[in-house]
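The lines below spell out each chain.
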Amino acid sequence: MSAPDRPTIDSDSQAWWAAVQDHKLLVNTCRTCGQASLYVRPFCPHCWSEDVALTQASGRARLYTWSIVHRNAAPFDVRTPYVLAMVDLEEGPRLMTVVEDCTVENLCADLNLEVAFRTDEDGFVVPVFRPAGN
Ligand SMILES: [Zn+2]
């Protein structure tokens, strides 16, 4: 990875980011209580079970909250303005991401979103969200 605005990928998140490169969004699913979570970790934050596995998410989400970032320090200034968002995945986890292809006037709480996979200039894929049906 060459771009400076890349995440730090550790041993817990490596499989998650590898799936994103294949245009798949995963959640950490607990085989004990059935709840899903993110970020990826080797246990369930709901019941502390270590019987967790990555499963594919539907990609559907609802907009929880957002902020429009007009200025940011390097290296995050290259994509301004952008919509920084917290979205609630259908499976339950809340994910920080960006919303693209949506006018500011159309942003609203509970907006139905779907995951999209943006391929950046260096070929790295990041999960973003767009209004559902676009
Ligand atoms: Zn659990």
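Residues numbered from 1 in each chain as written. Predicted model: local features only at pLDDT ≥ 70, side-chain atom pairs only at ≥ 80, totals over all residues. Heavy atoms only, no water.

1. Observations regarding the UniProt feature "domain: ChsH2 C-terminal OB-fold" (unreviewed entry) in the protein
Note the threshold: UniProt positions are given in the numbering used here, feature names are shortened, and annotations may be inferred rather than shown by experiment. Counting from the N terminus, the helices are DSSP H or I runs at least four residues long and the strands are E runs at least two residues long.
In the numbering used here, UniProt assigns the feature "domain: ChsH2 C-terminal OB-fold" (unreviewed entry) to residues 56-118. Across residues 56-118, helical content stands at 0% and strand content at 51%; the span's end C-alpha atoms are separated by 18 Å.

2. A few points about the coordination of the zinc ion
Rules: Coordinating N, O and S atoms are those within 2.8 Å of the metal (3.2 Å for Na, K and Ca), and as water is not part of the atoms, a site may appear to have fewer donors than expected. When four donors show all angles between 85 and 135 degrees the site is tetrahedral, when four or six donors have opposite pairs over 155 degrees and all other angles between 65 and 115 it is square planar or octahedral respectively, and in every other case it is irregular.
For the zinc ion, every protein donor is listed as C30 (SG), C33 (SG), C44 (SG) and C47 (SG), and the spread of their distances is 2.3 Å. Note that the zinc ion binds 4 donor atoms; their angles at the metal cover 103 to 115°, and the shape is tetrahedral. Mapped onto the polypeptide sequence, the residues donating to the zinc ion form the spacing pattern C-x2-C-x10-C-x2-C. Highlighted residues: C33 in the loop between β1 (26-30) and β2 (36-37) and C44 in the loop between β2 and β3 (52-56), separated in sequence by 11 residues.

3. Digging into the pattern of salt bridges
For clarity, the cut-off: Salt bridge criterion: a side-chain nitrogen from Lys or Arg within 4 Å of a carboxyl oxygen from Asp or Glu. Burial classification: accessible surface area is computed with a 1.4 Å probe over protein chains only, and a residue below 20% of its type maximum counts as buried, one above 50% as exposed, and the rest as partly exposed.
Taken as a whole, this structure holds 11 salt bridges when the rule is applied. We note a salt bridge from D120 to R6, for which the minimum N-O separation is 3.1 Å. Pair noted here: D120 is in the loop between β7 (112-119) and β8 (125-131) and R6 is in the segment before α1 (14-21), with a separation of 114 residues, a long-range link. Using a relative accessible area of 13% as the deciding quantity, one classes R6 as buried. R94 is paired through a salt bridge with D88; the nearest N and O atoms lie 2.6 Å apart. Classification of D88 as partly exposed rests on a relative accessible area of 23%. Within this structure, R6, R79, E100, D101, R118, D120, E121, D122 and R130 form a network of salt bridges that share partners.

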